[in-house]
Amino acid sequence: MNEISTATGGATPTFDCRVAFAETLAELARADRRIVAVCNDSVGSSNLVAFQREFPDRLVNVGIAEQNMVGVAAGLANAGLIPFVSCAGPFLTARALEQIKADIAYNNYHVVLCGQSPGLSYGELGPTHHSIEDFSWMRALTDLTILNPADPKQTADALRWAAGAQRPVYMRIGRFKVPAVTPEDAAFVPGRALTLRQGTDVTLIATGVLVSRALEAAERLAASGISARVLNMATIAPLDDEAVLAAARETRGIVTAEEAIATGGLGAAVAELVVQQHPVRMRILGVPHFAPTGSAGFLLDHFGLNAAGIADAARGLLA
C-alpha cells in the first residue's frame, strides 16, 4: 500500500488491483473446478504464484507464445472449462488480436482475457510495452465485453461477474496503485456507470486509474464554483447509454478521461452516442500519440491525465 497527496492536503492510501485479481481468482477457483488460469510465462508478474501452488494442475503456462495462449484458452472453453487468460496488456491485445477475434469473440466462448499492467504502467519500457490501443482494438470486435475497474473492490466484483458471464470478456488489471473509490454497498453491473458525485455544470466521465483523478478534479472545480458530476465508466463496451445521455441533457458538457489512446476508446464511444442522439460540447482526454519513455506517473502528468488537467479541460469547455 502506498499513499498519495490529495488536493485537500491529506494522504490517501492506495492499493494494487493485481492483489485483488490474484486473491479473487483463487477464491473463484476454490468454488468452481472449471476455472483455470492460462498465462505466457508470466506467473510472477501476473501474481499467480500462489494460484499455481494451490492449483498446480489448473494453471497452463504456454511460454512466450501469446497467440498460442489464446488458442489454448479457446480450446479449454470449448471443452467446458472457464479460462482466465493472464498476460501483459500490450502482448495480449496486439500480438494475439487475430486469435481473440477468430477463436474467442467469433465463437462467443466464455474466456476472460485479463490484460495485466495496462495503459502506461510499463512507463520506462517505452511504447512497445505501453498498452494504450487496447480499448480501440477491442471495441472493434463484436459482442466482447470490455471492463476497466477503478479500484480493488471493483476489480474483485468484476472478476466474480466475469466468472459467470457465459460470454467473452476483456478486462484490464491495473498496475498503477489507486485509492479506493467504490462505495462498499455498490454492486458491479456490467454496462452500468457508477455515479460517484452529482453535478449540474459539467460531467466528468472517467475509467480505471483516472476515476480518482476525476474526483479530485471535481473538488478543484467546486472550489471555483463549478458543479461537476463524476461517472465511473468501468464498462467501455457495452456503454451506459442512459447515463451518458442524461449527462448530455442535464449538464453543459462532457469531459472524458482514459489512460489510453484518445481515438477509438471511451471518449470515442461517448462521442459516437451523443453526436447521434443529443449533441453536446465535449473534451476527450487521453494519449494523443506514442508516449515517450518515463515513469507511469510522469507520463500521466505529461499528457494532462491528472486532476489539474481534467479540471482545466472542464473549465475550457465551459468558457
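Report on the accompanying structure. (Residues numbered from 1 in each chain as written. Predicted model: local features only at pLDDT ≥ 70, side-chain atom pairs only at ≥ 80, totals over all residues. Heavy atoms only, no water.)

## Points about the environment of Q99
Thought 1: On the secondary structure map, Q99 appears in helix α5 (residues 97–105).
Thought 2: Linking Q99 and D151, residues 52 residues apart in sequence, is a C-alpha distance of 29 Å.
Thought 3: In this structure Q99 touches Q67, V70 and I104, once residues within four positions along its chain are discounted. (Helix = DSSP H or I, 4+ residues; strand = E, 2+ residues; numbered from the N terminus. Contact = heavy atoms within 4.5 Å.)

## Some words on the sheet that holds strand β13 (residues 254–261)
Thought 1: Across the sheet, 5 strands lie side by side as β9-β11-β10-β13-β14; this open sheet has mixed pairing. Pairing within the sheet leaves two strands with one partner each, and these edge strands are β9 (194–197) and β14 (282–287). Neighbouring strand axes in the sheet, compared pairwise and without regard to direction, differ in orientation by 25 degrees on average.
Thought 2: Pairing of strand β10 (residues 202–206) with β13 involves 4 bridges; the strand directions are parallel. Of the residues in β13, the one forming a bridge with I205 is T256.
Thought 3: The sheet strands contacting helix α9 (residues 241–250) are β10, β11 (228–232) and β13, and the helix crosses β11 at an angle near 170 degrees. (Pairing = 2+ DSSP bridges. Axes fitted to C-alpha atoms, helices over the stretch in contact; angles between N-to-C directions.)

## Describing the pairing of β11
Thought 1: Counting buried positions over the 5 residues of β11 gives 5, a clear majority of the element.
Thought 2: Pairing between β9 and β11: 3 bridges, direction antiparallel. Residue pairing for β11: R197 is matched across the bridge by V230.
Thought 3: Examined bridge by bridge, β10 and β11 share 5 bridges and lie parallel to one another. From the neighbouring strand, L204 faces β11, where its bridge partner is V230.
Thought 4: A crossover links β10 with its parallel partner β11, the connecting element being helix α8 (residues 210–223), and its sense is right-handed. (Buried < 20%, exposed > 50% of the residue type's maximum accessible area, 1.4 Å probe, protein only. Right-handed = clockwise from strand over helix to strand, strands pointing away.)

## Points about the packing of aromatic side chains
Thought 1: Enumeration over the complete set of coordinates arrives at 2 aromatic pairs.
Thought 2: A centroid spacing of 4.9 Å and a plane angle of 50 degrees characterise the contact between F51 and F55, whose relative ring orientation is tilted.
Thought 3: We classify F51 as buried; its relative accessible area is 3%. (Phe/Tyr/Trp six-rings, centres within 6.5 Å; stacked < 30°, edge-to-face > 60°.)

## Remarks on the side chain of H110
Thought 1: With respect to the secondary-structure elements, H110 resides in the loop between α5 and β6 (112–116).
Thought 2: Looking at H110, the relative accessible area reads 9%, which means it is buried.
Thought 3: Reaching out from H110, the side chain makes a polar contact with the backbone oxygen of A162 at a distance of 2.8 Å.
Thought 4: Ignoring any residue separated from it by four or fewer positions in sequence, one finds H110 in contact with A77, L81, I82, P83, A162, A163, G164, A165, Q166, R167 and P168. (Polar contact = N/O pair within 3.5 Å; in protein donor to acceptor, adjacent residues only side chain to side chain.)

## Considerations on the nonpolar core
Thought 1: If you look at the biggest cluster of nonpolar residues, it comprises 45 residues, and the most contacted ones within it are V85, L92, I205, L239, V244, I254 and V270.
Thought 2: Looking at this core element by element, the count peaks at 6 residues for helix α3 (residues 66–78).
Thought 3: A150, A214, L221 and L300 belong to the second largest nonpolar core, which has 37 residues in total. (Core = buried A, V, L, I, M, F, W, Y, C linked by side-chain atoms within 4.5 Å.)

## Notes on the sheet that holds β6
Thought 1: Reading across the sheet, the 7 strands line up as β4-β3-β5-β6-β8-β7-β12 and stay open at both edges, with mixed pairing between neighbours. Edge positions in the sheet fall to β4 (59–61) and β12 (235–237), since each has one partner strand and no second. Put simply, the sheet's adjacent strands are angled 20 degrees from each other on average, direction ignored.
Thought 2: Sheet analysis places strand β7 (residues 145–147) next to β12, joined by 2 bridges and oriented antiparallel. Residue pairing across strands places I146 opposite A237, the latter belonging to β12.
Thought 3: Running at roughly 140 degrees to strand β3 (residues 35–39), helix α1 (residues 17–31) makes contact with β3, β5 (82–88), β6 and β8 (169–173) of the sheet.

## Looking at the pairing of β3
Thought 1: Of all 5 residues in β3, 5 are buried, a share of seventy percent or more.
Thought 2: Taking every second residue as pointing to the same face, both faces of β3 are buried, with I35, A37 and C39 on one and V36 and V38 on the other.
Thought 3: Across 5 bridges, the pairing between β3 and β5 is parallel. Residue pairing in the sheet places A37 in a bridge with F84 of β5.
Thought 4: Where β3 lies against β4, 3 bridges are found, and the strand directions are parallel. Opposite C39, over in β4, you have N61 as the bridge partner.
Thought 5: A crossover connection joins β3 to the parallel β4 through helix α2 (residues 49–54); in handedness this β-α-β unit is right-handed.

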